[in-house]
Amino acid sequence: MRIFPFLLLFIANGINAQNFTETERKIILGGDTSSMLRVTPLTEPAGAKALKAMSKDIAFNDPLLPLLMNRMLKSVLDSSRRGVGIAAPQVGISRNLIWVQRFDKPGQPFEFYINPKIVWRSSILCQGPEGDLSFEGRGDVVRNFSIMVSYTDIEGTQHIEVLEDFSAIIFQHETDHLFGTLFTDRIEEQKAKKYGPFKPVRATTLLKELAQ
């Protein structure tokens with residue numbers, strides 16, 4: 001039986017996950033735990049450090065995860081600067097956790113992803129403006145139009161799903177944060193690349209059965 005690489009990654013997802021460190025626990029439990037967590041700006045040393053660090057997987061059953069999840073959601077929904085997604089490093093937690101608003105679903109709900117991984121990217125690209133809760137400014141970024149992702153939900157169930165269009169763009173933006181990559185880094189690396197209109201190529205000839 002052939003096992004595809006992304007399935008191996010899916011099976012291994014979360015195997016090395018650990019619980020929160022004492023430092024992370026202090027952040028999660030800091031201040032009024034019923035309120036949002038502060039998004040640490042890039043201009044502050046703590047923010048610059050967290051936003052450039054590699055994140056690690058977290059155990060889905062860590063007792064503090066539901067609290068962090070709720071406080072992160074309040075952060076992204078803050079009326080003073082509402083966003084469409086947020087990653088744990090933006091609140092000082094270097095863990096693989098993100099919220100993404102699903103514009104492809106009825107009601108455009110926010111969904112929480114534990115240890116998310118992008119396991120496939122389409123060759124079709126799109127370009128559009130992006131901003132960030134951690135710093136000012138916007139810019140046009142090239143992203144994959146479609147992606148396949150693996151992740152764990154808060155109940156510990158693992159999923160594989162295909163995202164497209166704006167939801168896929170948000171997912172890529174937030175998972176970049178987990179690798180210490182900002183959208184401004186993407187813009188800089190894309191300056192040296194050339195792009196052209198996508199021309200679909202069919203591998204086979206389309207046919208239809210003719211009546212005898």
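Since this is a predicted model, take the numbers as computed values, not measurements. (Residues numbered from 1 in each chain as written. Predicted model: local features only at pLDDT ≥ 70, side-chain atom pairs only at ≥ 80, totals over all residues. Heavy atoms only, no water.)

## Describing helix α4 (residues 65-76)
Right, so step 1: Between its first and last C-alpha atoms α4 spans 17 Å; for twelve residues at 1.5 Å apiece the expected length is 16 Å, and the two agree.
Right, so step 2: Those residues of α4 lying buried are L65, L68, M69, R71, M72, S75 and V76. (Helix = DSSP H or I, 4+ residues; strand = E, 2+ residues; numbered from the N terminus. Expected span 1.5 Å × (residues − 1). Buried < 20%, exposed > 50% of the residue type's maximum accessible area, 1.4 Å probe, protein only.)

## Some points on the sheet that holds strand β1 (residues 85-87)
Right, so step 1: Reading across from one edge, β1-β2-β3-β6-β7 is the order of the five strands in this open sheet, with antiparallel pairing throughout. This sheet does not close on itself; its edge strands, each paired only once, are β1 and β7 (158-164). Between one strand and the next, the sheet's axes are offset by a mean angle of 40 degrees, whatever the strand orientation.
Right, so step 2: Where β1 lies against strand β2 (residues 97-101), three bridges are found, and the strand directions are antiparallel. Paired with A87 across the two strands is I98, which belongs to β2. (Pairing = 2+ DSSP bridges. Axes fitted to C-alpha atoms, helices over the stretch in contact; angles between N-to-C directions.)

## A few points about the side chain of Q101
Right, so step 1: Among the secondary structure elements, Q101 is positioned in strand β2.
Right, so step 2: Those residues in contact with Q101, other than ones at most four positions away along the chain, are R82, G83, V84, Q108, P109, F110, S167 and I170. (Contact = heavy atoms within 4.5 Å.)

## Let's talk about the nonpolar core
Nonpolar side chains in soluble globular proteins generally cluster together in the buried interior.
Right, so step 1: Core analysis: the biggest nonpolar cluster contains 21 residues, and F20, L68, M72, I86, L97 and F112 have the highest contact counts within it.
Right, so step 2: Looking at this core, the elements with two or more residues in it are α4, β2 and β3 (110-121).
Right, so step 3: Among the elements that take part in this core, α4 stands out by supplying five residues, more than any other.
Right, so step 4: Among the nonpolar cores identified, the runner-up in size contains 13 residues, and V100, I147, L163 and A168 belong to it. (Core = buried A, V, L, I, M, F, W, Y, C linked by side-chain atoms within 4.5 Å.)

## Some remarks on the packing of aromatic side chains
Right, so step 1: Applying the stated criterion across every chain, the model contains five aromatic pairs.
Right, so step 2: Geometrically, the ring pair formed by F103 and F166 is tilted, given 4.9 Å between the ring centres and 40 degrees between the ring planes. Of this pair, F103 sits in the loop between β2 and β3 while F166 sits in helix α5 (residues 165-177), and the two are 63 residues apart along the sequence.
Right, so step 3: Taking the relative accessible area as the measure of exposure, F166 reaches 38% and is therefore partly exposed.
Right, so step 4: Measuring from centroid to centroid gives 5.3 Å for F135 and F183, while their planes differ by 20 degrees, and the two rings are stacked. A residue pair is termed long-range when its members are at least 10 positions apart, and F135 in strand β5 (residues 135-144) and F183 in helix α6 (residues 183-190) qualify at 48 residues.
Right, so step 5: Cluster of aromatic residues (ring-pair linked, three or more members): Y113, Y151 and F171. (Phe/Tyr/Trp six-rings, centres within 6.5 Å; stacked < 30°, edge-to-face > 60°.)

## Comments concerning the side chain of E24
Right, so step 1: In this structure, E24 sits in helix α2 (residues 22-28).
Right, so step 2: Of note is the side chain of E24, whose polar atom sits 3.1 Å from the side chain of R95.
Right, so step 3: Excluding its chain neighbours within four sequence positions, the residues that come into contact with E24 are I93, S94 and R95. (Polar contact = N/O pair within 3.5 Å; in protein donor to acceptor, adjacent residues only side chain to side chain.)

## Quick look at the environment of V119
Right, so step 1: In this fold, V119 is placed in strand β3.
Right, so step 2: The sequence separation of V119 and V162 amounts to 43 residues, and the corresponding C-alpha distance is 9.9 Å.

## Remarks on the pattern of salt bridges
Pairing between side chains becomes possible if they bear opposite charge and their charged atoms approach one another.
Right, so step 1: Applying the stated criterion across every chain yields a total of 15 salt bridges.
Right, so step 2: A salt bridge links R102 to E161, with the nearest nitrogen and oxygen atoms 2.8 Å apart. Of the two residues, R102 sits in the loop between β2 and β3 while E161 sits in strand β7, which places them 59 residues apart along the sequence. Of the two residues, R102 and E161, neither departs from the other in class, the shared state being buried.
Right, so step 3: Of the charged contacts, one joins D176 and R186 as a salt bridge, the two residues approaching to 2.7 Å between their closest N and O atoms. Of the two residues, D176 sits in helix α5 while R186 sits in helix α6, which places them ten residues apart along the sequence.
Right, so step 4: Residue classification places R186 among the partly exposed positions, given a relative accessible area of 22%.
Right, so step 5: Salt bridges linked by common partners bring R102, D104, K105, E111 and E161 together as one network. (Salt bridge = Lys/Arg side-chain N within 4 Å of Asp/Glu carboxyl O.)

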